[in-house]
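Here is what each chain is made of, one letter per residue.
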Amino acid sequence: MSKTRFSPFTILLIVLGLFLAVFPFVNDSRTMLILFTQIFIFSIFAMSYNLLLGYTGIVSFGHAMFFGLGAYAIGICMKKLEPGWNGVLLAVLITVALCAVLSFLVGILTLRLKSHFFAMLTLAVAGLLMVTAEKWRSLTMGNDGFTFRVPDLLKDRISLYFIALVFMVLTYLLMRRFTFSPVGKVLVAIRENEQRVESLGYRVLNYKIIANVVAGTIAGFSGILYAVSLRFVNTSVFATEVTLDALLMTIIGGVGTLFGPILGAALIEIAQHGLMDLAKVHWIFERWVILFGTIFILVVMFFPKGIVGSALQWQFKRKNSQKATLDKKERSKAATH
Amino acid sequence: MNSVSVEIEKNKLKSIIGPNGAGKTTFFNLLSGQLKPTNGKIFFKGEDVTRMNPTYRTRKGIGRSFQITNVFPNLTCFENVRLAVQSQAGVRYRMLSHFKKYKDMERKAYELLELVYLGEKAMELAINLAHGEKRKLEIAMLLALETELLLLDEPTAGMSLEEVPKILDVIKKIKEDGNRTILLIEHKMDMVLDLSDSIMVLFNGKLLADGDPEEIMNNDQVQSAYLGGLYDDAS
């Protein structure tokens, strides 16, 4: 990619960015604004999940634990303290600290195990946190959860939209930087062939823990944003469905691609929203999970690389075949001369 | 493996031969740390490495290639080698600097690919390479680690006959550099004889003979246990 000529993909990103920047001013539907904000928030969550699944090849079923920690941290801070910026800052600090420590501990204890054991253990830890949130009623109000007030700036739908957008873009840039760094390259290698990475002299466990901590902390941020957008939090933020949503978004959008999770999050959020509207037409649409299940199976069977992944592969193939025909032409030229 | 005791001389090429199941690869696994011995000790440069895991042994200077092709399939050849160079350069935990910043590493990766005649394939995915090319890629990765000891497990296994001389060429080049100790498992006797400074023969997990090439060729025990049989197989 040269600096003077942008690739089609960069142009697409710029157009998309401009569209998202002006969208709140041309659109006056609150529902759309909220929907877009949700997409941004879940994009962040899915991107963090993708770092594990797509780049490092780690399957986690408990990624919701970080999401939930962030959500509860902001909720409790806002409720127990007054809803000001100090509280928000405190919640952010608590989230970063808790997520980093938890992901580090979970990583150090379980990442040395084989992948499916790790998946099961993360599921258990997320379940443990969910039970804690349910039982620690004085702090969390149990299963029912609680509503809380937030600073005015975060209450305003338009400013929240922009805050979420900025966070999404920042996360995207951070991911880009991270995956192109020497560490990011090792993570991809671990996904490809763990044993070989070890025999090259890298300590695989350390890299997996790094990935887990980065992914966990970012997921915590998405949890904060999620709770702020609802101004409500209950135990469902720890539910396995949250992790599965991220899994679905990542796989449909494209595992191991930077833009995939964003596209996946957009598709799934829009589909959920659209299908719920269609529930008036036919009852089956109310059970959108059934439809999702079907789509999911089809995607895994026919587009295992997801939308972005398949597009990239197609582009790569085209480039190669172009090169091959060029080579052939040159060779035949050489032969005739 | 059963009470095999050998000393491997520095900067020499030693070949290991023996029939299938003799324990050649097991011997390598013990040296590189994939397996731990039930008893006995392994010393490397005077240091006891018996309990050391593979990662640390690599850092100490024991590099190995595998008999089964073992590369990163969905990465480009260049990236495969670059990762090895990166490890050798000690760039381990840089999280926010772009990998392209490390020009020296890129240059070295290209040089190594050229050395094993893969320069033109640098941007191809490793999965799309022919078998022999994968083996060459693996040797490039191994060289990138700049280990003093190279363990080559049948580098020519499964290669077409036209490809074999090129690999021999590569190994010869490394040997002539003179600063590496090479241990080679190989089935192609002519190649072994030409290249080796010494040969050790394994049979049923035991050390049958150890000496310079002529000595081994003239050893009756070796002839009957192994060489005769091999030539029958090969023809």
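Residues numbered from 1 in each chain as written. Chains lettered and ligands numbered in written order. Predicted model: local features only at pLDDT ≥ 70, side-chain atom pairs only at ≥ 80, totals over all residues. Heavy atoms only, no water.

Just checking my understanding: could you explain unusual backbone geometry for this structure?
A negative phi angle is the norm for most residues apart from glycine, just as the trans form is the norm for most peptide bonds. Phi is positive for Arg231(A), close to 55°, though the residue is something other than glycine. Take Arg231(A): it is sitting in the loop between α11 (204-230) and β2 (232-233). (Helix = DSSP H or I, 4+ residues; strand = E, 2+ residues; numbered from the N terminus.)

Mind showing me how you'd approach a nonpolar patch on the surface here?
All names here are of chain A. Among the surface-exposed residues, Ile297, Leu298, Met301, Phe302 and Phe303 lie close enough to one another that they form a single nonpolar patch of about 560 Å² accessible area. Relative to the helices and strands, Leu298 is located in helix α14 (residues 288-302). On the accessibility criterion, Leu298 (44% relative accessible area) is partly exposed. (Patch = residues over 30% accessible without salt bridge, like charges linked within 9 Å, V, L, I, M, F, W, Y side chains within 5 Å. Areas by Shrake-Rupley, 256 points an atom, 1.4 Å probe, with all protein chains shown as cover. Salt bridge = Lys/Arg side-chain N within 4 Å of Asp/Glu carboxyl O. Buried < 20%, exposed > 50% of the residue type's maximum accessible area, 1.4 Å probe, protein only.)

It is not clear to me how the domain arrangement of chain A should be interpreted in this structure. Could you clarify?
Size of an interface: often given as the accessible area lost when the parts come together. Under the domain assignment, chain A is made up of domain 1 (30-302) and domain 2 (309-337). Put simply, the middle of domain 1 of chain A and the middle of domain 2 of chain A, counted by C-alpha atoms, are 41 Å apart. (Domains from an automatic or database assignment.)

Is there a simple way to explain the side chain of Thr235(A) in this structure?
Residues and elements named next belong to chain A. Take Thr235: it is sitting in the loop between β2 and α12 (240-253). By relative accessible area, which is 4% here, Thr235 ends up buried. Once residues lying within four places of it in the same chain are set aside, the contact partners of Thr235 are Tyr72, Met130, Ala133, Glu134, Gly142 and Asn143. (Contact = heavy atoms within 4.5 Å.)

Explain the interface of chain A and chain B here, please?
Facing 26 residues of chain A, the contacting portion of chain B comprises 34 residues. When residues of chain A are sorted by the area they lose upon contact with chain B, Pro182(A), Arg196(A) and Leu200(A) head the list and together hold 23% of the total. Those elements that place two or more of their residues in the side of chain A that touches chain B are α8 (157-179), α9 (182-192), α10 (194-199) and α11 of chain A. Looking at the side of chain A that touches chain B residue by residue, the class counts come to 14 nonpolar, 6 polar and 6 charged. (Buried area = accessible area lost by both parts, 1.4 Å probe. Nonpolar A, V, L, I, M, F, W, Y, C, P; charged D, E, K, R; others polar.)

Explain the pattern of salt bridges here, please?
As a working rule, side chains carrying opposite charge can pair if their charged atoms are close by. A full pass over the atoms with the stated rule returns 3 salt bridges over all chains. With a closest N to O distance of 3.2 Å, Glu192(A) and Arg191(A) form a salt bridge. Judged by relative accessible area, which is 16%, Glu192(A) ranks as buried. For Arg82(B), the salt bridge goes to Glu79(B), with nearest N and O atoms at 3.2 Å. Here Arg82(B) pairs with Glu79(B), and both are found in helix α3 (residues 77-89), just 3 residues apart, close to one helical turn. The buried category is assigned to Arg82(B), whose relative accessible area is 0%. Look at Glu79(B) and you get buried, because its relative accessible area is 7%.

Looking at this structure, I do not really get the side chain of His63(A). What am I missing?
Residues and elements named next belong to chain A. Mapped onto the secondary structure, His63 falls in the loop between α2 (30-56) and α3 (64-80). The class of His63 is buried, set by a relative accessible area of 0%. In this structure His63 touches Phe45, Ser48, Tyr49, Leu52, Ala215, Gly216, Ala219 and Thr243, once residues within four positions along its chain are discounted.

Explain the nonpolar core here, please?
A general tendency of soluble globular proteins is for nonpolar side chains to be buried together. Membership of the largest hydrophobic core comes to 134 residues, with the highest contact counts inside it found for Ile74(A), Val81(B) and Leu137(B). When neighbours within four sequence positions are excluded, Leu137(B) is seen to be in contact with Val71(B), Cys77(B), Asn80(B), Val81(B), Leu113(B), Leu118(B), Ala126(B) and Leu129(B). (Core = buried A, V, L, I, M, F, W, Y, C linked by side-chain atoms within 4.5 Å.)

Help me understand the packing of aromatic side chains in this model?
Note on aromatic pairs: each is described by the distance of the centres and the angle between the planes. A complete count under the given rule lists 16 aromatic pairs over all chains for this structure. Taking the centre distance of 6.4 Å and the plane angle of 80° together, the rings of Phe36(A) and Phe40(A) count as edge-to-face. Here the residue Phe36(A) and the residue Phe40(A) both occupy positions in helix α2, the gap between them amounting to 4 residues, near one helical turn. A single burial state applies to Phe36(A) and to Phe40(A), both of which are buried. Centre to centre, the rings of Phe78(B) and Tyr110(B) are 4.7 Å apart; their planes meet at 20°, and the pair counts as stacked. Pair noted here: Phe78(B) is in helix α3 and Tyr110(B) is in helix α4 (residues 103-115), with a separation of 32 residues, a long-range link. Using a relative accessible area of 33% as the deciding quantity, one classes Tyr110(B) as partly exposed. By the ring-pair criterion, three or more aromatic residues cluster together here, those being Phe19(A), Phe23(A), Phe25(A), Phe36(A), Phe40(A), Tyr161(A) and Phe162(A). (Phe/Tyr/Trp six-rings, centres within 6.5 Å; stacked < 30°, edge-to-face > 60°.)

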